[in-house]
Amino acid sequence: MITATMNAVVLTGHGGLDKLEILSDYPTPTAGPGEVLIEVRACGLNNTDIWVREGAYGTDENPDEVASWRRGQPNSLTFPRIQGGDIAGYIVEVGPGVSRSRRGERVMVDFSLYNTETESMAYIDYIGHGRDGGYADYCVVPAENAYVVDNDLHETELATFCCAYLTAEHMLDRVRVKKGETVVVTGASGGVGSGLIQLCRARGAIPVAISSSGYEERLTSVGAEAVLIRNSDSLSLQFESAMPGRSVDVIADLVGGELFPDLINLLKPEGRYICAGAIAGPVVPLDLRTVYLKHLELHGSSQGSRAAFSNLLGYIRTGKVQPLLDRVYALSQIHRAQQDFISKQFFGKLVVVPDRFYDASKPQSTTEVLIREPISN
């Protein structure tokens, strides 16, 4: 039975964790034309949630100004807003124009709002920013964004994929990564980084991870050919020792900050650099002589195209990529979940589930979270 009100985490403005209000009587949304109502079973956490809450994106004129996501476009974020884009759950109702046969489908949501029929990313938005997302018992999304996933993966596992792996796949598309190329991945223990490693392997490329110490074994287990340690010896020397005779074709950077010049220097002539994050600092030094003398390509990337999502869905269905679920929290534990996310002391993804599907008596891992049986059609 769909209730008139629901539990939801509501972002009320830019700022600290106090701007996330946990409500038990928020109005349950209704599916409009071309939309579906999803009973949320799990929703993954992402860097974008934190940065949007903090207003940490800056502007072209002032990188320190409080501003939301997506420069150069009209701001689509209004308050209150329910965040959360990595949604997995069941369709419980449909709006006009959507077949009632879709009720009961188990779905994974493509969180991108493309706003155009083309593959251009110039006007893209996302669920949890331009419209309400999945940090709630229910959410409404365009029917075309809800994809059936019939496999053995848990909903908590499905919620690890979309934002991280879609971002990663689009990064690899934009810099044309192909079989046999060497790709150095920063922030490799996080959701996007660990996704990049698996997706490199899926297309026959050779990933080399950069990470803090302590993650070497896990990164190797998911496909890293070698692991370079941040804040240790020279990256160039570490790479030469770990990968003798090879050169770096692509840098896939999620970190930025003081590491940036060393990354650029790692690239071979005609190498490609792509950035989809700047968790260690968005403003970096760049010697333009290195760029033009080595004929380098510099790319930016955010989210992913329909084609990238289609590729990702194929990898999930065929088992070419695996979920990396570190911890699961009840939705009402969102403050603690975000604090743990900010600490970066995890491997893969953190996920929240609505409280009614959460069992605090069980260890919170991929296999031991209690989720109830699917709803009937």
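Everything here concerns the structure above.
Residues numbered from 1 in each chain as written. Predicted model: local features only at pLDDT ≥ 70, side-chain atom pairs only at ≥ 80, totals over all residues. Heavy atoms only, no water.

### Observations concerning the side chain of Thr-182
Looking at the secondary structure, you find Thr-182 in strand 10 (residues 182–185). On the basis of relative accessible area, Thr-182 is assigned to the buried category, the value being 0%. Engagement of the side chain of Thr-182 in a polar contact is seen with the side chain of Arg-246, the distance being 2.9 Å. (Helix = DSSP H or I, 4+ residues; strand = E, 2+ residues; numbered from the N terminus. Buried < 20%, exposed > 50% of the residue type's maximum accessible area, 1.4 Å probe, protein only. Polar contact = N/O pair within 3.5 Å; in protein donor to acceptor, adjacent residues only side chain to side chain.)

### Structural notes on the sheet that holds strand 15 (residues 297–300)
Taken in spatial order, the six strands line up as 12-11-10-13-14-15 in an open sheet, and their pairing is parallel. Each having just a single partner strand, strand 12 (226–229) and strand 15 make up the two edges of the open sheet. Strand-to-strand twist of the sheet, defined as the mean angle between neighbouring strand axes without regard to direction, takes the value 20 degrees. Judged from the four bridges that link them, strand 14 (residues 267–275) and strand 15 form a sheet pairing that is parallel. Across the sheet, Tyr-273 pairs through a bridge with Leu-298, a residue of strand 15. Seen against the sheet, helix 4 (residues 191–202) touches strand 10, strand 11 (206–211) and strand 13 (248–253) and runs at an angle of roughly 165 degrees to strand 11. Contacting strand 10, strand 11, strand 12 and strand 13, helix 6 (residues 235–242) runs over the sheet at an angle of about 160 degrees to strand 12. (Pairing = 2+ DSSP bridges. Axes fitted to C-alpha atoms, helices over the stretch in contact; angles between N-to-C directions. Contact = heavy atoms within 4.5 Å.)

### Points about the packing of helix 1 (residues 47–54) against helix 10 (residues 334–343)
Across the interface, helix 1 lies against helix 10 with an axial gap of 10 Å and an inter-helix angle of 105 degrees. The angle between helix 1 and helix 10 falls in the class roughly perpendicular. In this structure, helix 1 contributes Asn-47, Asp-49, Ile-50 and Arg-53 to the contact, and helix 10 contributes Gln-338, Phe-341 and Ile-342. Here the contact of helix 1 with helix 10 is composed, by residue class, of three nonpolar, two polar and two charged. (Parallel < 35°, antiparallel > 145°, perpendicular 65-115°, else oblique. Nonpolar A, V, L, I, M, F, W, Y, C, P; charged D, E, K, R; others polar.)

### Details of unusual backbone geometry
Cis peptide bonds are those with omega within 30 degrees of zero, and the linkage from Phe-79 to Pro-80 qualifies with 0 degrees. The residue Pro-80 is located in the loop between helix 1 and strand 4 (86–94) in this model. The phi dihedral of His-295 falls on the positive side, at around 55 degrees, and the residue is not glycine. With respect to the secondary-structure elements, His-295 resides in the loop between helix 8 (288–293) and strand 15. Of note, the phi angle at Lys-344 is positive, near 65 degrees, even though the residue is not glycine. Looking at the secondary structure, you find Lys-344 in the loop between helix 10 and strand 17 (349–353). The exposure class assigned to Lys-344 is partly exposed, which follows from its relative accessible area of 29%.

### As for the state of the cysteines
Scanning the model with the defined rule gives zero disulfides in all. Note on Cys-43: no disulfide assigned, nearest cysteine sulfur contributed by Cys-139 at a separation of 7.6 Å. For Cys-43, a relative accessible area of 1% gives the class buried. Cys-162 takes part in no disulfide bond, and the closest cysteine sulfur, belonging to Cys-163, lies 6.8 Å away. A relative accessible area of 2% places Cys-162 in the buried class. (Disulfide = S-S within 2.5 Å.)

### A few points about the packing of aromatic side chains
How two aromatic rings sit relative to each other is set out by the distance from centre to centre and by the angle between their planes. Inspection of every chain in the model, using the stated rule, returns eight aromatic pairs. Measuring from ring centre to ring centre gives 5.4 Å for Phe-341 and Phe-346, while their planes differ by 35 degrees; the resulting arrangement is tilted. Each member of the pair Phe-341 and Phe-346 is classed as buried. What links up through ring pairs into an aromatic cluster is the set Trp-69, Phe-111 and Tyr-126. Sitting over the face of the ring of Phe-357, Arg-41 holds its NZ or CZ atom 4.3 Å from the ring centroid. (Phe/Tyr/Trp six-rings, centres within 6.5 Å; stacked < 30°, edge-to-face > 60°. Lys NZ or Arg CZ within 6 Å of the ring centre and 35° of its normal.)

### Here's the deal with the nonpolar core
For soluble globular proteins, nonpolar side chains are generally found buried alongside one another. By size, the foremost hydrophobic cluster in this structure holds 97 residues, and its most contacted members are Val-36, Ile-38, Met-108, Tyr-135, Leu-196, Leu-219 and Val-352. Ranked by residues supplied to this core, first place goes to helix 3 (residues 162–174) with eight residues. Residues within four places of Leu-196 in sequence aside, it is in contact with Ala-168, Met-171, Leu-172, Val-185, Ala-252 and Leu-254. Judged by nonpolar contacts, the second largest core, of 20 residues, contains Val-184, Met-243, Leu-259 and Ile-264. (Core = buried A, V, L, I, M, F, W, Y, C linked by side-chain atoms within 4.5 Å.)

### As for the environment of Asn-7
Inspection of the secondary structure assignment puts Asn-7 in strand 1 (residues 5–11). Judged by relative accessible area, which is 31%, Asn-7 ranks as partly exposed. Linking Asn-7 and Pro-27, residues 20 residues apart in sequence, is a C-alpha distance of 8.8 Å. Every residue in contact with Asn-7, bar those within four places of it in the chain, is listed here: Leu-23, Ser-24, Ala-136, Asp-137 and Leu-331.

### Here's the deal with the pattern of salt bridges
Across all of its chains, the model carries 19 salt bridges by this definition. Of the charged contacts, one joins Glu-39 and Arg-356 as a salt bridge, the two residues approaching to 3.3 Å between their closest N and O atoms. Here Glu-39 is found in strand 3 (residues 35–44), whereas its partner Arg-356 is found in the segment after strand 17, with 317 residues between them in sequence. A relative accessible area of 30% places Arg-356 in the partly exposed class. (Salt bridge = Lys/Arg side-chain N within 4 Å of Asp/Glu carboxyl O.)

### Overview of helix 4
Given a rise of 1.5 Å per residue, 12 residues ought to cover 16 Å, and the 16 Å separating the end C-alpha atoms of helix 4 matches this to within 8%. When you tally the buried positions in helix 4, you get 10 out of 12 residues, the bulk of the element. Inspection of helix 4 places Gly-191, Val-192, Gly-193, Ser-194, Gly-195, Leu-196, Ile-197, Gln-198, Leu-199 and Cys-200 among the buried residues, and these make up the whole buried set. A positive backbone phi angle near 85 degrees is found at Gly-204, which sits one or two residues after helix 4. (Expected span 1.5 Å × (residues − 1).)

These figures capture arrangement, not role.
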